[in-house]
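Architecture at a glance
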Amino acid sequence: MKLDVNVLRYLSKDDFRVLTAVEMGMRNHEIVPSELVERIASLKHGGTYKVLKNLLKYKLLHHDASKYDGFRLTYLGYDFLAIKTLVNRGIFTGVGRQIGVGKESDIFEVAQEDGTILAMKLHRLGRTSFRAVKSKRDYLRHRSSFSWLYLSRLAALKEFAFMKALEEHDFPVPKAIDCNRHCVIMSLVQGYPMVQVKQLQNPETIFEKIIGIVVRLAEHGLIHCDFNEFNIMIDDEEKITMIDFPQMVSVSHRNAQMYFDRDIECIFKFFRKRFNMIFHEDKGESDETEVDENSRPSFYDITKDANALDRDLEASGFTRKEQNDLDKFIEGGVEKSEDSDEDEDEESDDKEQTCESNEEENVDELKSLQLQEKEQKSSDGVEAEVKLDDTEKGENSEDKDDAVSDEKEEEDDPELVKQLGKQRRRAMAAARGGRKSQSSRNSYKDKGGRSQNSKIHSNMSGW
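As annotated in an unreviewed UniProt entry, the chain carries the name non-specific serine/threonine protein kinase and is attributed to Camelina sativa. Per UniProt, the chain carries the Cofactor (unreviewed entry) text "Mg(2+)". Regarding the chain, the relevant UniProt record gives this comment under Sequence similarities (unreviewed entry): "Belongs to the protein kinase superfamily. RIO-type Ser/Thr kinase family."

Next comes the structure, spelled out in structure tokens:
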């Protein structure tokens, strides 16, 4: 969606108040009901529906009435909220032309009051060209529903935190100015993407600088994960600047070696094709190669610095909760949480409880089997045998004298006594003359029995 900042001139305070109300409602609603928007906005003189109609005209909101009458923010409305906040802070005063488009973001020029030009990056996750989130970026490992706006805000916050930390450690990155929602303000890099460069005065020197940046990042505990010619800027003086940081991971990540080798391979492949550079790789006895002038750096040869950047990132405002949410945003999955040990203990306790309950059930079954064996022995003197129900095992019969003696022996278990009493009564009835044959409930149709209405009347008279 094209960003037309001229619409900002025609938006009033009530418009931004309603936009903020929809944003607040989207914290726990995918589609915010119109009644909730009106209640959150709480306009003094009413007119919330009129404001919603005006915002729909400028495509700052999307109306959905499939299940109920509700609204949600569009990326354009989210852009206006971020721009309005940054303008009120005095970060910039005007928005200029668009200077970059990516699968996950748009980049614009913004001007400060003194005329300084900055870069504004608006994260736009969820585009049609890049919606394979679950396969490309593991953002939603344990969530089934999500908001693209929320994920864009997390990506912007993480990029701002990485940029601040890398700048403090003298890495060639843009200067981070401010961040709000999904918008990041940074210094404008006066250069070109490496992919647009056809010739270099000293390609070998540039190659060594770029490889040195990758190795130095790993020594500080970070891997870029997308270090290629599209994310490397170079100016006329052949000064290198790296950009795009939301996907960075730690060297302790389970796929860190794969990401490191992939970044190195991208650089080798680009310089080999573009500048016809020939690399003589030293293949030693093992697969690991030493860091030499013309050899690939090995992930295992890198020693991590004591001052890791993870601590700096937490100090820059990226909290642990947001880090856990953003771990779903990074390809490769999430590290094992600290609560996993407690969960395993709980599972082991549950297993012990289930084992104890199973043992008790086995003891009860043994008791019941012993009682059934006794009854089978006592039923030898009974003339008739009867078929018990499907749930009962075997045929049981016994005499009245044996029943009295067995009751005295099994007084400790009342449930068994009750069950045995039923079996004894059935055996005694069978010995006296057998049980009455039970006819099917539809037998009257074949044998000329009474009709259903007559049976109902007889039953009612019996009541």
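Bringing the sheet that holds strand β11 (residues 232-234) into the picture now. Strand order in the open sheet made by the 3 strands is β9-β11-β12, with antiparallel pairing throughout. Lying at the two open borders of the sheet, with one neighbouring strand each, are β9 (192-193) and β12 (240-242). One ladder, built from 2 bridges, connects β9 with β11; its direction is antiparallel. When the bridges of β11 are listed, Tyr-192 appears paired with Ile-234. Sheet strands in contact with helix α7 (residues 203-219) are β11 and β12, and its direction is about 35° off that of β12.

Take the packing of aromatic side chains next. Given two aromatic rings, their pairing is described by the distance between the two centres and the angle made by the two planes. Inspection of every chain in the model, using the stated rule, returns 7 aromatic pairs. Both rings, one in Phe-270 and one in Phe-275, keep their centres 5.8 Å apart while their planes meet at 85°; by these two values the pair is edge-to-face. For Phe-275, a relative accessible area of 14% puts it in the buried group. One Lys or Arg, Arg-296, reaches over the ring of Phe-268 and ends 4.5 Å from the middle of that ring.

Running from amino to carboxyl end, helix α1 (residues 13-25) crosses helix α4 (residues 75-89) at an angle of 115°, the nearest separation of the two axes being 11 Å. With respect to α4, the axis of α1 lies roughly perpendicular. Like other packed secondary-structure pairs, α1 and α4 cross with a definite hand, here left-handed. For the pair α1 and α4, contact is made by Phe-16, Leu-19, Thr-20 and Glu-23 and by Gly-77, Tyr-78, Phe-80, Leu-81 and Lys-84, respectively. Grouping the constituent residues of the contact of α1 with α4 by class yields 5 nonpolar, 2 polar and 2 charged.

This paragraph deals with the sheet that holds strand β4 (residues 94-101). Judged by pairing direction, the sheet is antiparallel, and its 5 strands sit side by side in the order β4-β5-β6-β8-β7 without closing on themselves. With one partner strand each, in any of the chains shown, β4 and β7 (176-180) form the two edges of the open sheet. Strand-to-strand twist in this sheet, taken as the mean axis angle between neighbours without regard to direction, amounts to 25°. With 7 bridges connecting them, strand β5 (residues 105-111) and strand β6 (residues 117-123) associate as antiparallel partners. Across the sheet, residue Phe-108 finds its bridge partner in β6, namely Met-120. Its contacts with the sheet put α4 on β6, β7 and β8 (183-187), and the angle it makes with β7 is roughly 130°. Relative to β7, helix α6 (residues 148-168) is tilted by about 160°, and along the sheet it contacts β6, β7 and β8.

Summarising the element assignment, Ser-34 is placed in helix α2 (residues 34-41). The contacts of Ser-34, once residues within four sequence positions are left out, are Tyr-49, Asp-69, Gly-70 and Phe-71.

By the element assignment, Val-215 lies in helix α7. Here Val-215 is in contact with Pro-297 and Ile-302, once residues within four sequence places are set aside.

The next subject is α7. For α7, with 17 residues, the first-to-last C-alpha span of 24 Å sits near the 24 Å given by 1.5 Å per residue. All buried positions along α7 are accounted for by Pro-203, Ile-206, Phe-207, Ile-210, Ile-211, Ile-213, Val-214, Val-215, Leu-217 and Ala-218. A positive phi of about 90° marks Gly-221, the residue just after α7.

Rules behind the numbers
- Residues numbered from 1 in each chain as written.
- Predicted model: local features only at pLDDT ≥ 70, side-chain atom pairs only at ≥ 80, totals over all residues.
- Heavy atoms only, no water.
- UniProt positions renumbered as here; feature names shortened; annotations may be inferred.
- Pairing = 2+ DSSP bridges.
- Helix = DSSP H or I, 4+ residues; strand = E, 2+ residues; numbered from the N terminus.
- Contact = heavy atoms within 4.5 Å.
- Axes fitted to C-alpha atoms, helices over the stretch in contact; angles between N-to-C directions.
- Phe/Tyr/Trp six-rings, centres within 6.5 Å; stacked < 30°, edge-to-face > 60°.
- Buried < 20%, exposed > 50% of the residue type's maximum accessible area, 1.4 Å probe, protein only.
- Lys NZ or Arg CZ within 6 Å of the ring centre and 35° of its normal.
- Parallel < 35°, antiparallel > 145°, perpendicular 65-115°, else oblique.
- Left-handed = near helix turned anticlockwise from the far one by under 90°.
- Nonpolar A, V, L, I, M, F, W, Y, C, P; charged D, E, K, R; others polar.
- Expected span 1.5 Å × (residues − 1).

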